[in-house]
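Residues per chain, in single letters:
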Amino acid sequence: MKYRLVHRTKYTYAGAVSVSHHLARLAPRTLPGQRCPWHELEIHPVPVGRGVHVDSFGNVTSYFEIEGKHEELEVIAHSLVEVFPTSHPDPMATPPWEQIRDACLLERLTPGSQAGAFRFASPMVPCGRDFRDFASVEFSPGRPILAATIGLTAKIFHEFKFDPRATDVSTPVEEVLKRKAGVCQDFAHLMLACLRSLGLPARYVSGYLETRPPPGKPKLTGADASHAWVSVFCGEEAGWIDIDPTNNIIPGERHITVAWGRDFSDVSPLRGVTLGAGGQKLHVAVDVIPVADL
Amino acid sequence: MADISRSLPETPPRQMPAAANVPWNDVHGTDGQFRGHWNELGPVIYRWSAEERNGLAKSAARMLADLGTTFNVYSDVGGVGRPYELDPIPLLVSSEEWSRVSAGLKQRIRLLDLVLTDLYGPQKLLKDGLIPPDLVNASPAFLQHVRGVQPAGGHHLLTTGCDLVRSPSGNWLVLRDHTSAPGGIGQALENRSVTSSLLGEHFERMRIARLGEFLDTERTSLQGLLPSRGDMPNVVFLTPGFRHPSYFEHAYKARLLGFPLVEAADLTVRERRLFLKTLAGLRRIDVVVNRIGDDGLDPLEHWGQGGVGVPGLIESWRSGNVAIANAPGAGFCASPALMPFLPAISRKWLGEDIKLPFVETWWLGQHAIRKKVLDELHRFILMPAFKSDPLLPIKCSTLTLSAKKQWIATIESRPHDFVVQLDLTPGETASLEKAGIRSRPVVWRAFTQNTENGAVVLPGGLARMGKSGQAVQLWPSHAGFTKDVWIPAADGDGTARMEVRTPRPNKDRHPSALEVPSRIAEQLYWVGRYAERIELATRLLRVALRNLGGETGRLQQEKFTACLTLIRGGQLLPKNVIIQPSQALKTLGGLIHDSSARGGIPSLLRALLMNAAAARDRLSDDTWRLFNRLEGVVHGLGINPSVSTLLATLDQLILHLSAFSGMQAENMTRGQGWRFLEVGRRTERSLGCLGLLETSARDGNESAPLLDALLETCDSSMTYRRRHFSRPRFHEVVDLLFHDTTNPRAVAYQVSVIHHELDRFAGDPEFGLFPKIREHLNEIGKFLEGQSVDSETFGAMSGALEQFSDMLTQHYFSHSVRRVY
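Every value quoted in this text rests on a predicted model; they were computed, and no experiment measured them.

Peer 1: So what exactly am I meant to see when it comes to the overall build of chain B here?
Peer 2: For chain B, the count of helices and strands is 26 helices and 19 strands. Out of the 821 residues in chain B, the part that is buried amounts to 59%. A total accessible area of about 32900 Å² is found for chain B, and carbon and sulfur atoms account for 51% of it.

Shown next as C-alpha cells:
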C-alpha cells in the first residue's frame, strides 16, 4: 500500500510563549517492509535553530527551537510511505517462550541478546508480579512465543474497554490494569509490562493505522490518528513481530511504523518545553490517505 | 553455552570477612610503635592535654564556620543539613602508598573513560563479552538518549572521585567511584585551609604536598575543552541551587576556580548554543562544569524530571557547541556493579593488570555468580546496583532467617538490580575526641582528572570518619566528621609545591556583564518586594491590634472596623471573609504566627528568605544574619498569644525590617543588583499604598477612623498633624500619600525613585523592551499629574505598575528578546 501522510499538531497556549524547544519523532522509518521516499516537517512559526539526529533506537529525531512571542505552534509532518505485505511465521512454529527468555540471559552481545535492551522496566513501563500473573494464563510452559503473545493480545482486547476518558498520557500502567480500560498507548504499555515481567524483550512502536470509512461513505479529513502497538522478539529466526493489542491483530499493510523504543517516553511524536505558557490546548489531526502512486 | 563464562568477572583472591578480622591501625604497628609516616605527628597528638584537644576542636569548628557562613545557607532555609565537622588530625598517607595509589587512580580514570567511550559508542565491550549486556541495559544510569554523541574535548570524564578504604592488611582498596558530579574537592580545600593553619608547624616540617596545582590544572583543562572557541572561553559552574546539601562546596570551588556559579534557570539554549542570561543580555557559554548530575540536565531529553534543567542543553552538546564536564551519562560508571569487570577490561584493552585492588564486589545479574554469592550471603553487604533503595544497603549477617529468605526471593525476581560487597573491616586512624585520641575507621575520597598531558591525582583529598563496627557501606553520605588528607614528602623529595592560589584575574571581555546574572537580579527584585510587603502587612496588623485591646469605646470599634477594611484592601485577607468580633484576635493573630495562613507574615517571610537565599552571595553576612533573625521573631509564639505579645512581635519585626532598609541604604554597593532590590521595594511600596488608597476612596472616603488608620499604616500621621492640625480629610490625605514627592511613603516619591534608578540600568537603553518600559513609566507618572483621585484612578495605576513589573521581568529576566554578545 502507498500512502500520503499528513500529521498536524497544533498547540494553542494560554499565555504567550517566549521561547520553546522541541523534539519531534514524526518521520516514518525505513524498514524491510516499509519505505519512506519523502518526509518533510512544516513548522509555524519558523524555528530559529534546527537539528536532526538518529537516536539510539534508530529513529530519526528532529530538534527545533522557536524564539519570539508566539501563542500557537503548528507542526505538520508530511510523508509518503509505501508498506509492503509481509508474511508472518506460523505462530505454533515459533520457539517456546522460555527459550527466548533464556536466550536473553546470554552474557555477551549477540543479535538475540541485543533484544535484551527491551526486557527491563523503563520510565513508563514497570515490571511486577501483577503483570506476570495477568499474563501467565497465556504463557503456559512450553507454549510457542508467538502463539502465547497472540493469546495475550486477545485477552487484553476482550477484557479491556477502549475508552479515551478512562486514562490520560500520565496514567500509570498499574491503573490501566485495575480500570480495565484505556487507549492504544495504555494497551501497548500494559502488554510491554506483561511481556517484560516474564523476562521477554518487547518494544513500543508508534505509528499510524489507516482507518476506512463505512461502506459508501467518503473518508473524513483528519479522521485518522496516531497509533501505538508493540513488537515482541520471537527468536533469531522469526525476529521481531509486531502485534496490535488495541485491534487484536498482527499489523499488516495498514500499519505505518514511525518509531520504536522502550516505551512512549522514548518515541513521543512531539515533545516540547516552553517558557512562559500557562496551560495549553492540543489539537491533533492525522490523515492517512491511500494513493495510487508515490 | 561456552559463551556464558566469557563475561564472568575473575575471582579476586578471597578477602576475609569482617568477623575474623582486626582493623588495620594506621598510627601504630602491631609492635605498638608509631609507623614511619607517623613519626612526626604521632608523638605530638598523644601529648595533647584535654584543654589542648578541646581548644583545637573548637578552633577547627570556628574556622570552618567562618568559611561556611559565607556559603552555608541551606541549614537556615528548609533545613536540609548542617555543615560537616572537621577533625584537625589529618589522615596521613605515606609517600610510598601515595605513589602506588596515585598510579592506580591514573590508570582507573583512563579505564573508566575508555569504558564510557565504548558503551556510548560501538559497544565492543558487550560484543567481546567483557561486560554483560544486561548490566548496561538494566541500568537507568545508562542514558540511551546520549548514545552516539562525541563529547566535546574527547573525554567523558574530566574529574572523578574514588572512595578508598584500607583492608585489614593495610592495602588501599577501591570502595566505589564517583563519576557523574564528583563532590568533595571544595570541602577538601576548605579542610586544608583550616588544618594547615592549625598544625602549621608540622605541615611545613613534613613538607606536605600542596593542592593548588591540581586546581590550576583543572581550570586550564576546563578552559581548553572547546578549543574552537578561542583562548578565553566562558566556563560556568552549574549547581542545583542552594537547597542542595553541597551548595556551599559548589560556591567555594566555583570561587576558587574563578567561574560564575549558575543554576539551570540562568542558562538558555538559542540556535543550539548555550547562553547565560545576564542583565546586559545573553552571553555565550562554552564549557559547563556539571554539578547537577545526569538527571536534571535537560527536561526535553530526559523523561520525568519535572521540567527542571536547561531545555536544549543536550542538543547543544550533541552538536559540539558546548562541552560538559563530566559528560552526561558518565554516572553509569559509578555503579559498583561494574567493578568486578574492570580487571579483565584492563588486561585486554590496556594490556595492563589493574593496579588498584577493590573491595570484593559482585553483581548478581549473572546466574553463576548469584548462586555462589547466595550460598555465603552472610559475608556481604547487599546494595542496590543502580537506583537507590530505601531498604538498602543491608548487612546480610544481621538478617533473620525469614528476612533472608525474602531478600533472596526479591533478588531472584530482579537479580540485575543487586550488588553485594564484602562486609569489610575498614582500616582505622587517629581521631581527636574529648576523652583523648581514639581509633576510628576512615574512608579516603581521592580525586583524579584527565588533562591534555595524562591523568593527574590530587595529592590529598577528603577523609570521612565512621563508627567502629559499622559497615562502611552503611555510613551516611552527608554527615559525620571529615579530615584533611596529608601526603608527606619522602626523604630527599624536594619538589617545589605551591599554595592554593586565587585565580588569575579573569581577562574578561565584559567583566561587568557577568557580574549579575539575571536570576540574581530577579531574586533581589523580589527580596525588595517581599520586604516591603511584609512591612505593610506588619504595619496594618499593628494598627488593627492597637485598636482591638483596651476599652471598647465606640470610636475604637469604628477604627478597628476601618482597619479590617484596609486589611482586606491590602489583600491580607480574602475579600469575602467576615470577621466576627469574637474571632478577630484569632484571625489576625494567625496572620502573624500561623505558618499555614495564606498571605500571612510567616508565609511572606518564607518567600523573602527563599529569594534571599538564592541570591545569598550578593547579600552581606550581616544582612543574612538579620534575615535569619526575622524568621525567629514570629516563631514560638504559642497557640493563642495575647494582644500585647503580638504587638511586641510586630514592633520587633518593624525594627528588623528598618535595619534591613538601613543596611541596604548604607552598606550595599550601588551595583546592578542593588538597583533591582531598590526598584522592587519602590514598586511594592507604591502598590501597597495604592491598594489602601483605592479601598479608602471606595469604602468611605469621609470616614475619619479609616483615614486615621491609613495615615498610621503609612507612617505619615505625624507629618499630617504637623501640616494640618485637624482631623484627617480625604483630599489632604491623598495629597500627602499620593502626590507628595517629598514624603518617602508617598506614591509619587516611589515613582520618582524608580525613574532615577531606571536611567542607571545596565544594557543598551535603546534595546528590546527598554524604550517601552521607559515610556510606560512616563505614562504611570501621568496618573500623578491628573486631578482625579477616585478609586478607579488608583486601581488603574496599580494595574499599570504591575504591567511595568511584568515588562521588567520580560526584558531583564526571561530574555524573550534576544541580545547576543
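Next comes the rest of the description.
Peer 1: Even after reading the chapter, I still don't get the overall build of chain A, so can you show me in this structure?
Peer 2: Broken down by element type, chain A carries seven helices and 12 strands. Taking 19 Å as the expected radius of gyration for a compact globule of 294 residues, we find that chain A reaches 20 Å, a close match to that expectation. A separation threshold of at least 6 residues defines the contact pool for chain A, and within that pool the share at least 24 residues apart is 76%. Charged side chains of chain A number 30 positive and 33 negative; the gap between the two group centres comes to 2 Å.

Peer 1: Can you walk me through the side chain of glutamine 34 of chain A in this structure?
Peer 2: Residues and elements named next belong to chain A. Relative to the helices and strands, glutamine 34 is located in strand β2 (residues 34-44). Within the structure, glutamine 34 has its side chain in polar contact with the backbone oxygen of arginine 29 (distance 2.7 Å). Those residues in contact with glutamine 34, other than ones at most four positions away along the chain, are Pro28, Arg29, Val81, Glu82, Val83, Phe84, His255, Ile256 and Thr257.

Peer 1: Whenever I open this one, the interface of chain A and chain B confuses me. Can you help?
Peer 2: The parts lose accessible area when they come together, and the size of an interface is often stated as this lost area. On the side of chain B, 40 residues touch chain A, which itself brings 37 residues to the contact. For the pair chain A and chain B, the two sides together bury roughly 3300 Å², of which 58% comes from carbon and sulfur. Remark: the boundary between chain A and chain B carries two salt bridges. Taken together, chain A and chain B are joined by nine residue pairs in polar contact (both at pLDDT 80 or more). Of all elements in the fold, only β1 (2-24), β3 (49-54), β4 (60-83), α7 (264-267) and β11 (270-275) of chain A reach the threshold of two or more residues within the side of chain A that touches chain B. The class makeup of the residues in the side of chain A that touches chain B is 16 nonpolar, 12 polar and nine charged.

Peer 1: Which parts of the structure should I look at to understand the environment of valine 101 of chain B?
Peer 2: Relative to the helices and strands, valine 101 of chain B resides in helix α3 (residues 95-119). Each residue touching valine 101 of chain B, except ones within four places of it in the same chain, is listed here: Leu164, Trp172, Leu356 and Trp444 of chain B.

Peer 1: Help me understand the sheet that holds strand β10 (residues 323-325) of chain B, please; the structure alone is not making it clear to me.
Peer 2: Sheet strands line up and pair through hydrogen bonds in the backbone, either parallel or antiparallel. Residue and element names in this part refer to chain B. Judged by pairing direction, the sheet is parallel, and its four strands sit side by side in the order β5-β4-β9-β10 without closing on themselves. Taken across any chain shown, the strands that pair with only one partner, and hence form the sheet edges, are β5 (261-262) and β10. Bridge count for strand β4 (residues 235-238) against strand β9 (residues 287-290) is four bridges, and the pairing is parallel. Within β9, the position partnered with leucine 238 by the bridge is asparagine 290.

Peer 1: Would you mind showing me how to read the packing of aromatic side chains here?
Peer 2: The relative placement of two aromatic rings is captured by the distance of their centres and the angle of their planes. Residue and element names in this part refer to chain A. As enumerated under the stated definition, the model contains 21 aromatic pairs over all chains in all. Ring centres of phenylalanine 134 and phenylalanine 160 lie 5.9 Å apart, and the angle between their planes is 85 degrees; this geometry places the pair in the edge-to-face category. Of this pair, phenylalanine 134 sits in helix α3 (residues 129-136) while phenylalanine 160 sits in the loop between α4 (145-159) and β5 (161-162), and the two are 26 residues apart along the sequence. Judged on exposure class, the residue phenylalanine 134 and its partner phenylalanine 160 are both buried. The ring of phenylalanine 134 is capped by lysine 155, whose NZ or CZ atom sits 4.6 Å from the centre of that ring. Over the ring of tryptophan 240 we find arginine 203, and its NZ or CZ is 4.0 Å from the ring centre.

Peer 1: Help me understand the environment of phenylalanine 481 of chain B in this model?
Peer 2: Residue and element names in this part refer to chain B. Looking at where phenylalanine 481 falls in the secondary structure, it is placed in strand β19 (residues 481-486). For phenylalanine 481, a relative accessible area of 39% puts it in the partly exposed group. Sequence spacing of phenylalanine 481 and aspartate 87 is 394 residues, and the spatial spacing of their C-alpha atoms is 6.3 Å.

Peer 1: Is there a simple way to think about helix α9 (residues 247-257) of chain B in this case?
Peer 2: It helps to recall that an α-helix has 3.6 residues per turn; residues three or four apart then point in one direction. All names here are of chain B. Among the 11 residues of α9, 10 are classified as buried, and the element is accordingly described as predominantly covered. Every buried residue belonging to α9 is among Tyr247, Phe248, Glu249, His250, Ala251, Tyr252, Lys253, Ala254, Leu256 and Leu257, and all of these are buried. Just beyond α9, the residue with positive phi is glycine 258, at close to 85 degrees.

Peer 1: Explanation requested: the pairing of β19 of chain B in the structure shown.
Peer 2: Regular strands have side chains that alternate between both faces of the sheet. Residue and element names in this part refer to chain B. Of all six residues in β19, five are buried, a share of seventy percent or more. Sheet analysis places strand β18 (residues 462-465) next to β19, joined by three bridges and oriented antiparallel. Among the inter-strand pairings, arginine 464 is bridged to a residue of β19, identified as threonine 482.

Peer 1: Could you clarify how one ought to interpret the confidence of the model for chain B in this entry?
Peer 2: Low pLDDT marks stretches whose predicted atomic positions should not be read closely. All names here are of chain B. In this model, chain B carries a mean pLDDT of 85, and residues with pLDDT of at least 70 account for 88%. Long-range and interchain partners of residues 69-82, a stretch whose pLDDT sits below 50, account for 38 contacts in this model, where long-range means more than four residues apart. pLDDT under 50 marks residues 494-514. Its contacts with residues more than four places away, or in other chains, come to 43 contacts.

Peer 1: What am I meant to see in the sheet that holds strand β11 (residues 361-363) of chain B here?
Peer 2: All names here are of chain B. What the four strands build is an open sheet, ordered β11-β14-β12-β13; its pairing is antiparallel. Two strands close off the open sheet at either side, each with one partner strand: β11 and β13 (394-395). Bridge analysis of strand β12 (residues 380-384) against strand β14 (residues 418-422) gives five bridges, and the strand direction is antiparallel. Looking at β14, one finds that leucine 382 is bridged to valine 420. Along the sheet, helix α12 (residues 367-375) makes contact with β11, β12 and β14, crossing β11 at roughly 130 degrees. Where helix α13 (residues 401-413) meets the sheet, its contacts fall on β12, β13 and β14, and the angle it forms with β14 comes to roughly 125 degrees.

Peer 1: What's the story with the pairing of strand β7 (residues 273-278) of chain B in this structure? I'm lost.
Peer 2: All names here are of chain B. Counted residue by residue, β7 has five buried out of six residues, so it is predominantly covered. Joining the antiparallel neighbours strand β6 (residues 267-270) and β7 is a turn of two residues, in which glutamate 271 adopts a positive phi near 50 degrees. In this antiparallel pair of consecutive strands, β7 and strand β8 (residues 281-284), the connection spans two residues.

Peer 1: In this structure, what is going on with helix α17 (residues 601-614) of chain B? I would like to understand it.
Peer 2: Residues and elements named next belong to chain B. For α17, built from 14 residues, the straight-helix expectation of 20 Å at 1.5 Å per residue is met to within 8% by its first-to-last C-alpha distance of 20 Å. Most of α17 sits out of view: 12 of its 14 residues are buried. Listed as buried for α17 are Ile601, Pro602, Ser603, Leu604, Leu605, Ala607, Leu608, Leu609, Asn611, Ala612, Ala613 and Ala614. Contacts made by the buried residues of α17 are with α14 (518-546), α16 (584-593), α18 (621-634) and α19 (643-667).

Peer 1: I would appreciate a short explanation of the pattern of salt bridges in the present structure.
Peer 2: Think of it this way: side chains of opposite charge can pair up when their charged atoms draw near. Residue and element names in this part refer to chain B. Across all of its chains, the model carries 55 salt bridges over all chains by this definition. The shortest N-O distance in the salt bridge between lysine 483 and aspartate 87 comes to 3.2 Å. Linking lysine 483 in strand β19 with aspartate 87 in strand β1 (residues 85-92), this pair joins segments that are 396 residues apart in sequence. For the salt bridge of glutamate 360 with arginine 379, the shortest nitrogen-to-oxygen distance reads 2.7 Å. Of this pair, glutamate 360 sits in the loop between α11 (342-350) and β11 while arginine 379 sits in the loop between α12 and β12, and the two are 19 residues apart along the sequence. For the pair shown, glutamate 360 and arginine 379 are each scored as buried.

Peer 1: How should I be thinking about the nonpolar core in this particular structure?
Peer 2: Among soluble globular proteins, nonpolar side chains are generally buried collectively. All names here are of chain B. Formed by 129 residues in total, the largest nonpolar core has its most connected members in Leu222 and Phe627. Considering each element in turn, this core owes the most residues, 15 residues, to α14. Once you skip the residues sitting within four places of it in the chain, leucine 222 turns out to touch Leu158, Val235, Leu257, Phe259, Val287, Val289 and Ala325.

Peer 1: Mind showing me how you'd approach the side chain of histidine 302 of chain B here?
Peer 2: Examined against the element boundaries, histidine 302 of chain B turns out to sit in the loop between β9 and α10 (313-318). Of the residues examined, histidine 302 of chain B reaches a relative accessible area of 16% and is grouped as buried. Among the polar contacts listed, one links the side chain of histidine 302 of chain B to the side chain of aspartate 295 of chain B, at a separation of 3.4 Å. Discounting chain neighbours no more than four positions away, the residues touching histidine 302 of chain B are Arg271 of chain A together with Leu143, His145, Asp294 and Asp295 of chain B.

Peer 1: In this structure, what is going on with the confidence of the model for chain A? I would like to understand it.
Peer 2: Across chain A, the average pLDDT comes to 91, with 99% of residues at or above 70. The element-level mean pLDDT for chain A is lowest in helix α2 (residues 111-114) of chain A, coming to 74, with α4 of chain A highest at 97.

Peer 1: Is there a simple way to explain a nonpolar patch on the surface in this structure?
Peer 2: On the surface, Val52, Val54 and Val60 of chain A cluster together to form a nonpolar patch covering roughly 260 Å² of accessible area. Among the residues examined, valine 60 of chain A registers a relative accessible area of 35% and is labelled partly exposed.

Peer 1: Could you clarify how one ought to interpret the state of the cysteines in this entry?
Peer 2: Throughout this description, disulfide means a covalent bond between two cysteine sulfur atoms. All names here are of chain B. Evaluated as defined, the whole model comprises zero disulfides over all chains. Distance from the sulfur of cysteine 714, which forms no disulfide, to the nearest cysteine sulfur (cysteine 689) is 4.3 Å. Assessed through its relative accessible area of 6%, cysteine 714 is described here as buried.

So, how was this worked out
- Each residue is numbered by its place in its chain's sequence as written, counting from 1.
- Think of it this way: whatever chain is written first is A, whatever ligand is written first is 1, and the rest follow in order.
- Only residues with pLDDT of at least 70 get local features here, since the model is predicted, and only at 80 or more are side-chain atom pairs given and counted; chain-wide, interface and lining totals rely on the full set of residues.
- Think of the side-chain values as coming from all heavy atoms in the structure, minus any hydrogens and water.
- Strands here are runs of E lasting at least two residues and helices are runs of H or I lasting at least four, both read from the DSSP assignment and numbered beginning at the N terminus.
- For each residue, the accessible area found with a 1.4 Å probe, counting protein chains only, is set against the maximum for its type, and the residue is called buried under 20%, exposed over 50%, and partly exposed in between.
- Methods summary: accessible areas were calculated by the Shrake-Rupley approach with a probe of 1.4 Å, and residue burial reflects only the protein chains presented.
- Here the radius of gyration uses the C-alpha set of atoms, whereas the globule reference equals 2.2 Å times the residue count to the power 0.38.
- Throughout, a contact is declared for two residues whenever any of their heavy atoms are within 4.5 Å.
- Charged residues are defined narrowly, with Lys and Arg counted positive, Asp and Glu counted negative, and His plus the chain ends left uncounted.
- Where a charge lies is defined by one atom per residue type, namely NZ (Lys), CZ (Arg), CG (Asp) and CD (Glu).
- In protein, a polar contact means a hydrogen-donor-capable atom and an acceptor-capable atom, both N or O and within 3.5 Å, with residues adjacent in sequence counting only if both atoms are side-chain atoms; elsewhere, any N or O pair within 3.5 Å suffices.
- Two parts placed together each lose some accessible area under a 1.4 Å probe, and the buried area is that loss summed for both.
- The rule for a salt bridge is simple: a side-chain nitrogen of Lys or Arg has to be within 4 Å of a carboxyl oxygen of Asp or Glu.
- Gly is put with the polar residues, along with every residue not named as nonpolar or charged; the nonpolar set is Ala, Val, Leu, Ile, Met, Phe, Trp, Tyr, Cys and Pro, and the charged set is Asp, Glu, Lys and Arg.
- The rule for pairing is simple: two strands pair if DSSP sees at least two bridges between them.
- The criterion for an aromatic pair is that two Phe, Tyr or Trp rings (for Trp, the six-membered ring) have centres within 6.5 Å, with stacked assigned to planes under 30 degrees apart, edge-to-face to planes over 60 apart and tilted to the rest.
- Working rule: Lys NZ or Arg CZ, within 6 Å of ring centre, within 35 degrees of ring normal, means a charge sits over the ring.
- Scored between 0 and 100, pLDDT is the confidence that the predictor attaches to each residue.
- Axis definition: a line fitted to C-alpha atoms, limited for helices to the stretch in contact. Angles are taken between N-to-C directions and run from 0 to 180 degrees.
- Each residue after the first adds 1.5 Å to the expected span of a helix.
- Buried residues of nine kinds, namely Ala, Val, Leu, Ile, Met, Phe, Trp, Tyr and Cys, make up a nonpolar core once their side-chain atoms join them within 4.5 Å.
- Patch definition: residues above 30% relative accessible area lacking any salt bridge, with like charges linked at up to 9 Å and the nonpolar side chains Val, Leu, Ile, Met, Phe, Trp and Tyr linked at up to 5 Å.
- Two cysteine sulfurs form a disulfide in these notes if their separation is within 2.5 Å.

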